[in-house]
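# Structural characterization, general
Residue-level listing of the chains:
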Amino acid sequence: MNIAANPVIEADQTVYLKDYQKPSYLVDSIHLDIQVYDDHSLVKSKLVMQRQAAGDLVLLGRDLELQSITLNGKTLTNEQYQLDAEQLVIANTPDLVELNIEVLIHPESNTQLEGLYQAADNLYVTQNEPEGFRKITFYPDRPDVLSVFTTRVEADKKFPVLLANGNLIEAGEAGEGRHYTVWQDPTKKPSYLFACVIGDLAVLKDRYTTSEGSDVALEIYAEAKDIPKCHIAMEALKHSMRWDEEHYGRPYDLDNYMIVATSAFNMGAMENKGLNIFNTSCVLADEEYTTDAAIMRVQSVIAHEYFHNWTGNRITCRDWFQLCLKEGLTVFRDQSFSEDLQSAAVQRIDDVAVLKSHQFPEDSGPLSHPPRPDHFVEINNFYTATVYEKGAEINRMMATLLGKEKFRQGTDEYFKRHDGQAVTVEDWVAALSAGSGVDLSAFLIWYNQPGTPKLQAQGEYDAANQSYRLSLKQSLKAHAKYPNLKAVPIPVALALFDAETGEQLVLNAEALFENGVKDGVYLFDQNEASIEFTGLKAAPVVSLLRSFSAPVNLEFNYSDEQLAFLLQYETNGFNQWQAAQTLLERILLNGHNAQTYLDAIQKTLPFVIAKDPLLASRLFDVPTEGYLGSRIDQDYNPIVLNEAREALLNTLARELGGFVKETYLSLDPIAQKEFSQAMGVRALKNIMLSLLARQGDSEVFDLAYEQYQNTGNMSERLGALKVLVWNDSPQAQEVLQDFYTRFKDEALSLDQWFMIQAAHPKATAESIAYLTSHADYDLAVPNRIRSVSGGLNANPVNTWSFGVQHFIDLAKYLDEKNPIVGSRLLQVLSRWYTLAEPQRSQVKAELEALKSQVKSKNVSETLNSMLSI
Ligand code: TRP
Ligand code: ZN
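All values reported here derive from a predicted model rather than from experimental measurement. The written sequence of each chain sets the order in which its residues are numbered from 1. Lettering for chains starts from A, numbering for ligands starts from 1, and both go in the order in which the items are written. Two thresholds apply to this predicted model, a pLDDT of at least 70 for residue-level local features and 80 or more for giving and counting side-chain atom pairs, whereas whole-chain, interface and lining totals are computed over all residues. Side-chain measures here rest on the full set of heavy atoms in the structure, leaving out hydrogens and waters.

Time to look at the overall build of the protein chain. To qualify as a helix, a DSSP run of H or I must reach at least 4 residues; to qualify as a strand, a run of E must reach at least 2; elements of each kind are numbered from the N terminus. Looking only at helices and strands, the protein chain features 27 helices and 32 strands. Its C-alpha atoms give the protein chain principal-axis dimensions of roughly 90 × 65 × 60 Å. Out of the 869 residues in the protein chain, the part that is buried amounts to 58%. Long-range contacts, defined as pairs at least 24 residues apart, comprise 71% of the intrachain contacts of the protein chain with a sequence gap of at least 6. Each residue is placed in one exposure class: buried if its accessible area under a 1.4 Å probe, protein chains only, is under 20% of its type's maximum, exposed if it is over 50%, and partly exposed if it falls in between. Contacts are assigned to residue pairs that have any heavy atoms within 4.5 Å of one another.

See below:
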């Protein structure tokens, strides 16, 4: 009675949005009974189903050993259903059906970390989004089938913790040293939000009272030694709960909210209803063990998963093409939350930096797709920067245009209309339009087409009329699969500055009205348009796309002096940073002189350091080689770029002279009251320390060694470690050994130890092999793989030489063991076609050779797309 022996004929496996059909049956209720044994698990289910459309009864299932199936009390024989590797189909079924199914599964040998899997000796967890539930039992595993879940979990008492979604309604003995619990989730949900946990973990408890006065038990489960590292997450959770009440009017709806941490996890975290499961990297936070950046990330991921309770869970997606409906909106919400936690300008800078360094390159290469794709082979390949980050930008644009009050009216309408439903992107935009009274339907174009629009702007001052005309033009690069590209609505947030005094000018009210400019935002929704500003006694300096009001590539022929002006006088911190970035990019890619940047930064810094040290540190962000490489579309030579960047960093170090050491010595993180101020000071100090090393300061290694030894803070310790290791200092081996000894039992800290060594600028195939054959390297733990691969990829010169083999070997190995992660790692090579020859042909040949060696839909689809350029 096992899976049909006949191999499925592999026709075109592409799924299309246009083929969407309602499911033939809905599930009124499901009772699950999951019994975990050491060498297998037994899953019994009872489904009560009702017909809602014509067609066969289709249950999806993968890697399941079917033990028995009964329909309305009668056991079905082999001839009464069709079973293949993907589904079980029963024809001619009545309108009301009760199914009882028993399957056997093997979580103990599940390396793909999808479905129910053993994550550690003492822990079993689930990961069911998007299509993992079908690896637990046969079920209409699609997001538009919502049901009430009752779950019984049974296991040996060596696993004291037995959790599932909802309320605990029963617990007891199961004989032979076993016990069980029963949970009932009162809200209907799709199967991808189902979760259960079987383990031996400690717990941190707290409580929260909602705006409606109900009391919620909060619990974070982790290894006992990690419980002290859960307090930041707990505070962030309570903060998120309050924030969603205040900003979106959304209180929590269950009596409990549980979070479980595991180090065996493919992604960041998962929003299972009332029972989130988190990668340890996104829940454990502690100054001593994790960096400031990681602490910020923990808070944002806690918020992200919590916000999914309304945007994702209470209102979910009709089908997986709509993924950006929940992800884009939830990312926008978590970004807004984080803007309230730290310097809002820096949060925006960091979010845009991710967008520009990941999403823009993705959208300009062979993996480009619309935020809402219209076809896919493997949905796991579409958890992309485009779906998440560009999706968030679309929501941000609509929010910017509407302003706070109308945006809130729009979201209120969305929750009122669609609570409890599985909906589409069209439903979201329609509700937002109806609630706000503003027709936003043109924004659907953003969801449906790929590519980053180019926004070309030109300014012209007319002295006789004292007016300034800003002309705008938008265009998109042609795309083979999407021939009918349309103009998109682009909110252009802007300001004008007095070129003499640096003061921001009040935009002429009459002109604003006449030209459609409002609150400094102009909605540009044509192929070409222009706006005229009047009453200007001299030519102004214009600042465009303030706070990056639209995800476009802006071209405006600023002089370097105007950019320096904006770096100094813009009151919008994001645009100050953008001006610095543009100047630095010109130096690196177009051979401009560095002096203008240097003069401006020296004039500006003292003020910024005093006000916002974190922003000050970002003004030194020299674009990474990876980002710069992604701006080059052909004949890319990583070595040439590396040399240019090294030269610039050396110039900066030399020209900044004594300022570097003075700043380093004068900054004191301990003296800062706020975490975000201290974080800024630490970031700035670390930048100064690395510049000191470039100056060849005779004391720098002693200073770094001292910083390394005399701190209990991971950002400070790592900053020093990097300088010592990457410069091959005499102390390098000693501090590496010391770090290992201190943190060998702290997986997240040890990840940093691997990362730093892999990111050594002079890493070699041998030094990487030393890391990947280290006793603590573990191919079963994605975090550890990513620490080495991510470190290696910090230096594109290495990525594109010996790194190619590294990534190809990983994709080959993970193809079967963990195809989700294998496919993502392979994407590191997606811009191979931009390389200069002979590298281009060499990498291409290696990718071609991989084709016949991989089987998973995940890796094959990615590889085929990568090669289809
Ligand atoms: N829904 C999750 C989030 O963004 C994403 C996620 C977690 C996921 N784990 C996954 C997606 C595994 C695919 C596979 O919050
Ligand atoms: Zn999400």
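Moving on, there is more to tell.
To continue, consider helix 22 (residues 782–792). Residues spaced three or four apart along an α-helix face the same direction, because each turn holds 3.6 residues. Judged by how many residues are buried, helix 22 sits mostly within the fold: nine of eleven residues are covered. Buried-residue contacts for helix 22 involve strand 21 (275–279), helix 20 (747–758), helix 21 (765–772), helix 23 (796–799), helix 24 (803–817) and helix 25 (819–826).

Right, let's get into the site of ligand 1. Close to ligand 1 lie 16 residues, the nearest being Glu129, Ala269, Glu271, Glu305 and Tyr388. Counting of polar contacts relies on pairs of N or O atoms within 3.5 Å, with two restrictions inside protein: one atom must be capable of donating a hydrogen and the other of accepting it, and residues adjacent in sequence are counted only when both atoms are side-chain atoms. At 2.5 Å from a nitrogen atom of ligand 1 is found a side-chain nitrogen or oxygen belonging to Glu129. In the model, a nitrogen atom of ligand 1 is placed 2.7 Å from a nitrogen or oxygen of the Glu271 side chain. Looking at the shell around ligand 1, the elements that each hand over two or more residues are strand 20 (269–270), helix 2 (292–307) and helix 3 (323–341). Being near a molecule or strand, for a residue, comes down to having at least one heavy atom within 4 Å of it.

Buriedness of a pocket was judged along seven lines, with at least five required to meet protein on both sides within 12 Å; pockets are open sets of points on a 1 Å grid over the protein atoms alone, cavities are sets where a 1.4 Å probe fits but cannot get out, and lining residues have an atom within 4 Å of a point. Grid points are joined across faces, edges and corners, and a volume is the space filled by probe spheres set on the points. Within this structure, the stated rule accounts for three cavities of 30 Å³ or more. The volume enclosed by the largest cavity comes to roughly 40 Å³. Thr187, Lys188, Lys189, Leu193, Lys273, Asn313 and Arg314 together form the lining of the largest cavity. Here the nonpolar group is Ala, Val, Leu, Ile, Met, Phe, Trp, Tyr, Cys and Pro; Asp, Glu, Lys and Arg are the charged ones; every other residue, Gly included, is treated as polar. Here the residues of the lining of the largest cavity are counted per class, giving one nonpolar, two polar and four charged.

In this structure's numbering, the residues bearing the UniProt feature "domain: Aminopeptidase N-like N-terminal" (unreviewed entry) are residues 52–193. Between the first and last C-alpha atoms of residues 52–193 the distance is 22 Å; the span itself is 0% helix and 53% strand. UniProt positions are given in the numbering used here, feature names are shortened, and annotations may be inferred rather than shown by experiment.

This brings us to the sheet that holds strand 14 (residues 167–175). What the eight strands build is an open sheet, ordered 6-5-9-3-2-12-15-14; its pairing is mixed. On the outer flanks of this sheet lie strand 6 (74–75) and strand 14, each paired with one strand and no other. A pair of strands is labelled paired if DSSP reports no fewer than 2 bridges between them. Here strand 14 runs beside strand 15 (residues 178–189); their pairing, made up of seven bridges, is antiparallel. Bridge pairing in strand 15 links Ala171 to Thr181.

Here we take up the environment of Asp215. On the secondary structure map, Asp215 appears in strand 18 (residues 215–222). Residue Asp215 is classed as partly exposed on the basis of its relative accessible area of 39%. Residues Asp215 and Tyr252 lie 37 residues apart in sequence; the distance between their C-alpha atoms is 9.7 Å. With near-sequence residues (within four places) excluded, Asp215 lies in contact with Arg207, Tyr208, Thr209 and Asp255.

So, on to the confidence of the model for the protein chain. Caution applies to low-pLDDT regions: their predicted coordinates should not be interpreted in detail. The predictor rates its confidence in each residue with pLDDT, a number between 0 and 100. Mean pLDDT over the protein chain works out to 96, with 97% of the residues at or above the 70 mark. Counting interchain partners and residues more than four positions distant, the pLDDT-below-50 stretch residues 1–10 has 15 contacts.

Let's shift gears to the packing of aromatic side chains. Only rings of Phe, Tyr and Trp enter the pairing, Trp through its six-membered ring, and a pair is recorded when the two centres are within 6.5 Å. The plane angle decides the type: under 30 degrees is stacked, over 60 is edge-to-face, the rest tilted. Under the criterion given, the structure shown has 36 aromatic pairs. Judged by centre distance (6.0 Å) and plane angle (80 degrees), the rings of Trp832 and Tyr833 are edge-to-face. Neither residue differs from the other here; Trp832 and Tyr833 are each classed as buried. By the ring-pair criterion, three or more aromatic residues cluster together here, those being Trp243, Tyr248, Tyr252, Tyr257, Tyr306, Phe307, Phe332, Phe337 and Phe407. Counting as a charge over the ring demands two things of the Lys NZ or Arg CZ atom: a distance within 6 Å of the ring centre and an angle within 35 degrees of the ring normal. Here the guanidinium or amino end of Arg152 rests over the ring plane of Tyr180, the centre of that ring lying 4.6 Å away. Here Lys229 stacks its cationic end above the ring of Tyr289, 4.6 Å away from the centre of that ring.

Okay, helix 10 (residues 573–590) next. Helix length check: helix 10, at 18 residues, gives a terminal C-alpha distance of 25 Å against a target of 26 Å (1.5 Å per residue), a fit within 8%. Of all the 18 residues making up helix 10, 14 are buried; the element is thus mostly covered by neighbouring parts of the structure. The backbone nitrogen of Phe574 has a side-chain oxygen 3.0 Å away, supplied by the residue at the start of helix 10, namely Asn572. The positive-phi residue at the C-terminal boundary of helix 10 is Gly591, with phi of around 70 degrees. Expected span of a helix, by definition, is 1.5 Å for each gap between consecutive residues, and there is one gap fewer than residues.

With that out of the way, let us pick up the coordination of the zinc ion (ligand 2). Taken together, the protein donors to the zinc ion (ligand 2) comprise His304 (NE2), His308 (NE2), Glu327 (OE) and Glu327 (OE), at separations of 1.9 to 2.7 Å. Each of the six donor atoms around the zinc ion (ligand 2) contributes to a set of angles spanning 49 to 159 degrees, which defines the coordination as irregular. Of note, the donors binding the zinc ion (ligand 2) are all from one chain and are spaced H-x3-H-x18-E. Taken individually, His304 and His308 each receive the classification buried, so the pair is uniform in this respect. Note that water is not among the atoms considered, so a metal site may appear incomplete; the donors listed are N, O and S atoms within 2.8 Å of the metal, with 3.2 Å applied to Na, K and Ca. Metal sites are grouped by the angles between bound donors: all angles between 85 and 135 degrees with four donors is tetrahedral, opposite donors over 155 degrees apart with the others between 65 and 115 is square planar for four donors and octahedral for six, and any other pattern is irregular.

Strand order across the open sheet formed by four strands is 30-26-25-32, with mixed pairing between neighbours. Only two strands of the sheet have a single partner each, and these edge strands are strand 30 (528–533) and strand 32 (553–556). Taken pair by pair, the neighbouring strands of this sheet meet at an average axis angle of 20 degrees, ignoring direction. Here strand 26 (residues 467–475) pairs with strand 30 via six bridges, running antiparallel. Its bridge partner lying in strand 30, Arg469 is registered against Glu532. Between N-to-C directions, angles span 0 to 180 degrees; the directions come from axes that are lines fitted to C-alpha atoms, helices contributing only their stretch in contact.

In this description, the term disulfide denotes a pair of cysteine sulfurs within 2.5 Å. If you walk through the whole model with that rule in mind, you get zero disulfides. In this structure Cys324 is not part of a disulfide, and its nearest cysteine sulfur, from Cys317, lies 8.1 Å away.

Attention now moves to the environment of Ile869. Counting through the fold element by element, Ile869 comes out in the segment after helix 27 (857–867). The spacing of Ile869 and Ser281 is 588 residues in sequence and 35 Å in space, taken between C-alpha atoms. Excluding residues within four positions of it along the chain, Ile869 makes contact with Gly365, Pro366, Trp832 and Tyr833.

Moving on to the packing of helix 10 against helix 11 (residues 595–611). For the pair helix 10 and helix 11, the least separation of the axes is 11 Å and the interaxial angle reads 155 degrees. What the angle tells us is that helix 10 and helix 11 run roughly antiparallel. Where helix 10 crosses over helix 11, the two elements pack in a sense that is left-handed. Between helix 10, through Gln576, Ala580, Leu583, Leu584 and Ile587, and helix 11, the contact on the second element is made entirely by Tyr597, Thr604 and Val608. Its residues placed into classes, the contact of helix 10 with helix 11 shows six nonpolar, two polar and no charged. Throughout this description, any angle smaller than 35 degrees is read as roughly parallel, any larger than 145 degrees as roughly antiparallel, any in the 65 to 115 degree range as roughly perpendicular, and the remainder as oblique. Here a crossing is called left-handed whenever its near helix is offset anticlockwise from the far helix by less than a right angle, and right-handed whenever the offset is clockwise.

With omega at -5 degrees, the peptide bond leading from Glu129 into Pro130 counts as cis. Mapped onto the fold, Pro130 is located in the loop between strand 11 (123–127) and strand 12 (147–156). With omega at 5 degrees, the peptide bond leading from Glu837 into Pro838 counts as cis. With respect to the helices, strands and loops of the structure, Pro838 is situated in the loop between helix 25 and helix 26 (839–851).

To continue, consider the domain arrangement of the protein chain. If you check the domain split of the protein chain, you get domain 1 (1–200), domain 2 (201–309), domain 3 (316–448) and domain 4 (454–557). Residue ranges assigned to the domains are those given by an automatic or database domain assignment. A C-alpha centroid distance of 31 Å is found between domain 1 and domain 3. Tallying the contact residues gives 15 residues for domain 1 and 21 residues for domain 3. Summing both partners gives a buried area of about 1600 Å² for domain 1 against domain 3, and 62% of it is carried by carbon and sulfur. Of all residues in domain 1, Leu17, Pro130 and Pro143 bury the most surface against domain 3, accounting for 36% of the area lost on that side. Take a side-chain nitrogen of Lys or Arg and a carboxyl oxygen of Asp or Glu: if they are within 4 Å of each other, that pair is a salt bridge. With a shortest N-O distance of 2.7 Å, Lys326 and Glu129 are connected by a salt bridge. Remark: the boundary between domain 1 and domain 3 carries six residue pairs in polar contact (both at pLDDT 80 or more). Of the residues belonging to the side of domain 1 that touches domain 3, the class tally is nine nonpolar, two polar and four charged. Buried area adds together the accessible area that both of two parts lose upon being put together, with accessible area traced by a 1.4 Å probe.

Counted according to the given criterion, the structure contains 51 salt bridges. For Asp226, the salt bridge goes to Lys225, with nearest N and O atoms at 3.0 Å. What makes Asp226 buried here is its relative accessible area of 6%. Of the charged contacts in the structure, one is a salt bridge between Arg372 and Glu426, with a shortest N-O distance of 2.8 Å. Pair noted here: Arg372 is in the loop between helix 4 (344–364) and strand 23 (375–376) and Glu426 is in helix 6 (residues 425–436), with a separation of 54 residues, a long-range link. By relative accessible area, Glu426 is classed as partly exposed at 33%. One continuous salt-bridge network, built from bridges that share partners, spans Asp33, Arg152, Glu154 and Arg178.

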